Amino acid sequence: MGVLNGGLYGALAGPREPLKAAAFGVGLWALMDEGLVPLMGLQDGPAGSTPRGHINRLGAHLAYGLGLGLMALALDKVLPDGQ
């Protein structure tokens with residue numbers, strides 16, 4: 001899941017901006033954790049978790065997005081153009 005979403009970010013992001021990637025992570029939280037995953041029956045829906053649980057998962061997705069953005073930015077600096 002992380003690799004697939006990282007590839008999606010890389011394909012769609014354009015210029016690498018870590019804050020844009022953090023927003024991407026928040027979007028993943030809203031779409032996946034709060035929407036699709038409960039619909040697939042893999043976890044309880046939004047009402048089935050405490051506010052602390054929602055904030056915990058939001059923080060994890062925010063950290064994922066920020067890390068993704070920082071890594072993409074670092075790779076852009078070290079890889080030659082066209083790679």
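Let me sum up the structure you'll find in this document. (Residues numbered from 1 in each chain as written. Predicted model: local features only at pLDDT ≥ 70, side-chain atom pairs only at ≥ 80, totals over all residues. Heavy atoms only, no water.)

A complete count under the given rule lists one aromatic pair for this structure. Where Y9 meets F24, the ring centres are 5.4 Å apart and the plane angle is 50 degrees; that geometry is what we call tilted. Here Y9, found in helix α1 (residues 2-12), pairs with F24, found in helix α2 (residues 18-39); they are 15 residues apart in sequence, far enough to count as distant. In this structure, Y9 and F24 share a single accessibility class: buried. (Phe/Tyr/Trp six-rings, centres within 6.5 Å; stacked < 30°, edge-to-face > 60°. Helix = DSSP H or I, 4+ residues; strand = E, 2+ residues; numbered from the N terminus. Buried < 20%, exposed > 50% of the residue type's maximum accessible area, 1.4 Å probe, protein only.)

So, about the environment of G25. You can see G25 is positioned in helix α2. Residues G25 and R57, spaced 32 residues apart in sequence, show a C-alpha to C-alpha distance of 10 Å. Dropping the residues within four chain positions of it, G25 is found in contact with H61 and G65. (Contact = heavy atoms within 4.5 Å.)

A cluster of nonpolar side chains, L31, L36, L39, M40 and L42, forms an exposed patch at the surface whose accessible area comes to about 570 Å². By the secondary structure assignment, M40 is in the loop between α2 and α3 (51-78). Among the residues examined, M40 registers a relative accessible area of 54% and is labelled exposed. (Patch = residues over 30% accessible without salt bridge, like charges linked within 9 Å, V, L, I, M, F, W, Y side chains within 5 Å. Areas by Shrake-Rupley, 256 points an atom, 1.4 Å probe, with all protein chains shown as cover. Salt bridge = Lys/Arg side-chain N within 4 Å of Asp/Glu carboxyl O.)

With that out of the way, let us pick up the pattern of salt bridges. In this structure the tally under the stated criterion is one salt bridge. The residue D33 makes a salt bridge to R57 at a minimum N-O spacing of 3.3 Å. With a gap of 24 residues between them, D33 in helix α2 and R57 in helix α3 connect regions that are remote in the sequence. The class for R57 is partly exposed, based on a relative accessible area of 23%.

A separate point is α2. Given a rise of 1.5 Å per residue, 22 residues ought to cover 32 Å, and the 30 Å separating the end C-alpha atoms of α2 matches this to within 8%. Taken as a whole, α2 carries its principal kink of about 35 degrees at M32. Where α2 is concerned, the buried positions are P18, A21, A22, F24, G25, L28, W29, M32, D33, E34, V37 and P38. Residues of α2 that are buried sit in contact with α1 and α3. Taken from the residues just after α2, G41 is the one with a positive phi, measuring 80 degrees. (Expected span 1.5 Å × (residues − 1). Bend = angle between axes of the 7 residues up to and from the residue.)

Worth remembering: the numbers are spatial, not functional.
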